[in-house]
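# Notes for the structure review
These are the residues of each chain, in order.
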Amino acid sequence: MTHLYDQDKAYVLNLYNRIDVNIVNGKGSYLYDDQGHSYLDMFSGIAVNNLGHGNEAVKAAVMKQMDRYFHLSNFFPSEPVVALAKLLVENSFASKVFFSNSGTEANEAAIKLARKYGRTRQEDKTQLLSFQGSFHGRTVGGMTLTGQEKYKESFKPVLPDVTHVLFNDLQDLASKVSDKTCAFFIEMIQGEGGILEVSDAFMAELTRLSKKHDFLIIVDEIQTGLGRAGDLFAYQKFAFTPHIVTLAKSLGGGLPIGAMLVAPELESVLLAGDHGSTFGGNPVACAAGTAVMEILTSEGFLDDVKSKSMYLLKRLDEIAHAHPKIIKEVRGRGLIIGIEMYDDRANVVKAEALAKGLLLNVTRGNVIRLLPPLTISHSEIDRFLTIFESIL
Ligand SMILES: Cc1ncc(COP(=O)(O)O)c(C=O)c1O
């Protein structure tokens, strides 16, 4: 065991299953430890380091802002905050943005907006819906929306008036939705839930019901957004326009920030004093976010992600065919890809991969979740495939 690992155990609340490796540096798709080992990072800080480690443009933007000021109170408008909000508005359905510090806080803001929207229509229009198997964060609201018992059973009572719908089940949706519903929170592709994508049929029905019962569709793009699924937003593949989108993770290029993107018709629901955050929209994080957005929206960037995705998915399908007793299914799009394994093999593969300098992440117990940097090169993809196949 490394000294750092022991010290971490001694002083930091033990809430995470740490890997006993002392990372001292990161560049591009690689992390480096204090023993001189390199690791090909196939989960990018769980979809945070989407532009790889140590991105020079993000670093320059951060340094420039640090030279000006680190923090202003929200009493002042701030240039980097406005610049990032403008980029998000210009590249989405939204007309306004609220900044938070994290994904779960972006969802909390959306819960408050949805509840206020509902209650201005009728006193009991407060029901929130989300999917079973979903993940929406760790604060009380986000945890309640999360459709997995294990995240909340020890912390009850949770938020009232939250109901979970069976994944992609139109009948279950019809039986749970009513005029009392104020919002449906949805991940277009469930990340923690094992890389499962919402069906077109479900989205069409949800859109129809949202108009009929006047409730909001709130898309949680905290994991799938900002190029991860191949498009800037994963919802863009579907024929509907969200009322709200929540973002976080990769938005700050490694610095903490979250965002709630709000459609024009909703921008006056929350008023001054209704919501806020001391650090939300920190200028340094927003400067980083502006650099991230400029790269994501630069010509050819997302086409390149799509072409790498096609190559990786094709090769993984070939590998799955060659190992039908080990791999159950390969699924996903863009660079959010799940490899479902039989039995508990995913964790065995993950441990062997670490020993071979490859960082893998496992979710739902048996799904290897690939979230490589969107900037990964073809040769790095090949390196991943070679190591992965050698383990199988
Ligand atoms: C879909 C989704 N929503 C919300 C969250 C919570 O984000 P944060 O950890 O920044 O609070 C996550 C984090 O994994 C997520 O994947």
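Residues numbered from 1 in each chain as written. Predicted model: local features only at pLDDT ≥ 70, side-chain atom pairs only at ≥ 80, totals over all residues. Heavy atoms only, no water.

## Points about the domain arrangement of the protein chain
When the parts of a complex come together, some accessible area is lost, and that lost area is often used as the size of the interface. What counts is decided by this rule: Domain delimitation follows an automatic or database domain assignment. Reported buried area values correspond to the accessible surface (1.4 Å probe) lost by two parts on association, with both partners' losses combined.
Parsing the protein chain into structural domains produces domain 1 (3-56 + 299-391) and domain 2 (66-296). Summarising the inter-unit geometry, the C-alpha centres of domain 1 and domain 2 are found 26 Å apart. Taking both partners together, domain 1 and domain 2 bury about 2,300 Å²; carbon and sulfur atoms supply 56% of that area. A per-residue breakdown of the area domain 1 buries against domain 2 is headed by Leu-302, Arg-333 and Ile-336, which together make up 31% of the total.

## Some details on helix H10 (residues 301-322)
Counted only if it meets this: Each helix is a run of DSSP H or I of at least 4 residues and each strand a run of E of at least 2, with the numbering of both proceeding from the N terminus. Expected span, for any helix, means 1.5 Å times one less than how many residues it has. Working rule for contacts: check all heavy atoms of both residues, and any pair within 4.5 Å makes them a contact.
For H10, built from 22 residues, the straight-helix expectation of 32 Å at 1.5 Å per residue is met to within 8% by its first-to-last C-alpha distance of 32 Å. Buried residues in H10 make contact with helix H9 (283-296), strand S13 (327-333), strand S14 (336-341), strand S17 (367-370) and helix H12 (378-391).

## Some thoughts on the site of the ligand
Cut-off, in case you're wondering: Consider each residue's heavy atoms; a residue with any of them within 4 Å of a molecule or strand counts as near. Polar contact is defined as a pair of N or O atoms within 3.5 Å, subject to the rule that within protein one atom must be able to donate a hydrogen and the other to accept it, and that residues adjacent in sequence are counted only when both atoms are side-chain atoms. Computed with a 1.4 Å probe, the accessible areas rest on the Shrake-Rupley method; for each residue, only the protein chains presented here act as cover. In this classification, Asp, Glu, Lys and Arg are treated as charged, Ala, Val, Leu, Ile, Met, Phe, Trp, Tyr, Cys and Pro as nonpolar, and every other residue, Gly included, as polar.
In the neighbourhood of the ligand, 13 residues make up the surrounding shell, with Gly-103, Thr-104, Asp-220, Gln-223 and Lys-249 lying closest. Interatomic distance of 3.1 Å between a side-chain N/O atom of Lys-249 and an oxygen atom of the ligand. For the ligand, the protein covers 83% of the area, taking 390 Å² as the surface of the free molecule. No other element matches the 3 residues that helix H5 (residues 103-121) contributes to the shell around the ligand. Taken together, the residues of the shell around the ligand break down into 2 nonpolar, 7 polar and 4 charged.

## Thoughts on the layout of surface pockets
Which entries qualify depends on this criterion: The method works on a 1 Å grid over the protein atoms by themselves. A cavity is a set of points holding a 1.4 Å probe that cannot get out, a pocket is an open set with protein on both sides within 12 Å along at least five of seven lines, and residues with an atom within 4 Å of a point line them. Grid points are joined across faces, edges and corners, and a volume is the space filled by probe spheres set on the points.
For the second largest pocket, the calculated volume is near 790 Å³. Looking at the second largest pocket, it is lined by 34 residues, and the ones nearest its centre are Asn-74, Val-97, Phe-98, Phe-99 and His-275. Counted by class, the lining of the second largest pocket contains 18 nonpolar, 12 polar and 4 charged residues.

## Things to note about the pattern of salt bridges
Once their charged atoms are close, side chains differing in charge can pair, the charge on each being opposite to the other. Let me state the cut-off plainly: Every case where a carboxyl oxygen of Asp or Glu lies within 4 Å of a side-chain nitrogen of Lys or Arg is listed as a salt bridge. For the exposure calls, accessible area comes from a 1.4 Å probe over protein chains only, and a residue counts as buried if that area is under 20% of its type's maximum, exposed if over 50%, partly exposed in between.
Tallying each qualifying case throughout the model produces 25 salt bridges. With a closest N to O distance of 2.9 Å, Glu-149 and Lys-156 form a salt bridge. Judged by its relative accessible area of 42%, Glu-149 falls in the partly exposed class. What makes Lys-156 partly exposed here is its relative accessible area of 48%.

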